Amino acid sequence: MSFRKGLVAVTGIMGVAVLLRYTIVPDEDKMIRSLSPELRAEYERNKDKRREQHDAIMAQIIENSKSDKPIWDVS
């Protein structure tokens, strides 16, 4: 009986958390639309630079993952 109550409670808490996340946290498109025109233009200008930085970091991670050395020795 106690296990069942706990399971129901945990399921309820997780369900409420998921619902709150989808209702409260805006997606990226909503967030961008809510910006002022100046900030939106700055976001669009810097988008390619952030993408290039992300790609460079991911390439370094992939290269380092091929090594047998520990992560603190690779860099």
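Here the structure is a predicted model, which is why all the values come from computation and not from measurement. (Residues numbered from 1 in each chain as written. Predicted model: local features only at pLDDT ≥ 70, side-chain atom pairs only at ≥ 80, totals over all residues. Heavy atoms only, no water.)

Undergrad: How would you explain the overall build of the chain if you had to name every residue and give the values?
TA: Scanning the chain from terminus to terminus reveals 4 helices and 0 strands. If you list the helices and strands of the chain from N to C, you get α-α-α-α. Computed over C-alpha atoms, the radius of gyration of the chain comes to 22 Å, more than 25% over the 11 Å expected from 2.2 N^0.38 for 75 residues, which places it beyond the range of a compact globule. Across its three principal directions, the C-alpha atoms of the chain cover 55 × 50 × 15 Å. Relative to its full complement of 75 residues, the chain shows a buried share of 4%. Taking the 13 positively charged and 12 negatively charged side chains of the chain as two groups, their mean positions are separated by 10 Å. (Helix = DSSP H or I, 4+ residues; strand = E, 2+ residues; numbered from the N terminus. Rg over C-alpha atoms; globule rule 2.2 N^0.38 Å. Buried < 20%, exposed > 50% of the residue type's maximum accessible area, 1.4 Å probe, protein only. Lys, Arg positive; Asp, Glu negative; His and termini not counted. Charge placed at Lys NZ, Arg CZ, Asp CG, Glu CD.)

Undergrad: Go over the pattern of salt bridges with me, naming the residues and quoting the values.
TA: Taken as a whole, this structure holds 1 salt bridge when the rule is applied. Here glutamate 44 and lysine 47 are joined by a salt bridge, their closest N and O atoms 3.7 Å apart. Taken together, the residues span about one helical turn, with glutamate 44 and lysine 47 both in helix α3 (residues 37–65) at a distance of 3 residues. The class for glutamate 44 is partly exposed, based on a relative accessible area of 40%. (Salt bridge = Lys/Arg side-chain N within 4 Å of Asp/Glu carboxyl O.)

Undergrad: Residues and numbers for the confidence of the model for the chain, please.
TA: Considering every residue of the chain, the mean pLDDT works out to 91; 97% of them sit at 70 or more. When mean pLDDT is taken per element in the chain, helix α1 (residues 2–24) scores highest with 95 and helix α4 (residues 71–74) scores lowest with 81. (pLDDT = per-residue confidence, 0-100.)

Undergrad: Break down the packing of aromatic side chains for me, citing the residues and quoting the values.
TA: A full pass over the atoms with the stated rule returns 0 aromatic pairs. The positively charged end of arginine 21 is found above the aromatic ring belonging to tyrosine 22, 5.2 Å away from the centroid. (Phe/Tyr/Trp six-rings, centres within 6.5 Å; stacked < 30°, edge-to-face > 60°. Lys NZ or Arg CZ within 6 Å of the ring centre and 35° of its normal.)

Undergrad: Residue-level account of a nonpolar patch on the surface, with values.
TA: Together, Val16, Leu20, Ile24 and Val25 give the surface a local cluster of nonpolar side chains, amounting to about 370 Å² of exposed area. With respect to the helices and strands, the residue valine 16 is situated in helix α1. (Patch = residues over 30% accessible without salt bridge, like charges linked within 9 Å, V, L, I, M, F, W, Y side chains within 5 Å. Areas by Shrake-Rupley, 256 points an atom, 1.4 Å probe, with all protein chains shown as cover.)

Undergrad: Give me the lowdown on α3, citing residues and values where you can.
TA: With 29 residues, α3 ought to run about 42 Å at 1.5 Å a step, and its terminal C-alpha atoms sit 41 Å apart, in line with that. Roughly 35° is the biggest bend found in α3, and it falls at asparagine 46. (Expected span 1.5 Å × (residues − 1). Bend = angle between axes of the 7 residues up to and from the residue.)

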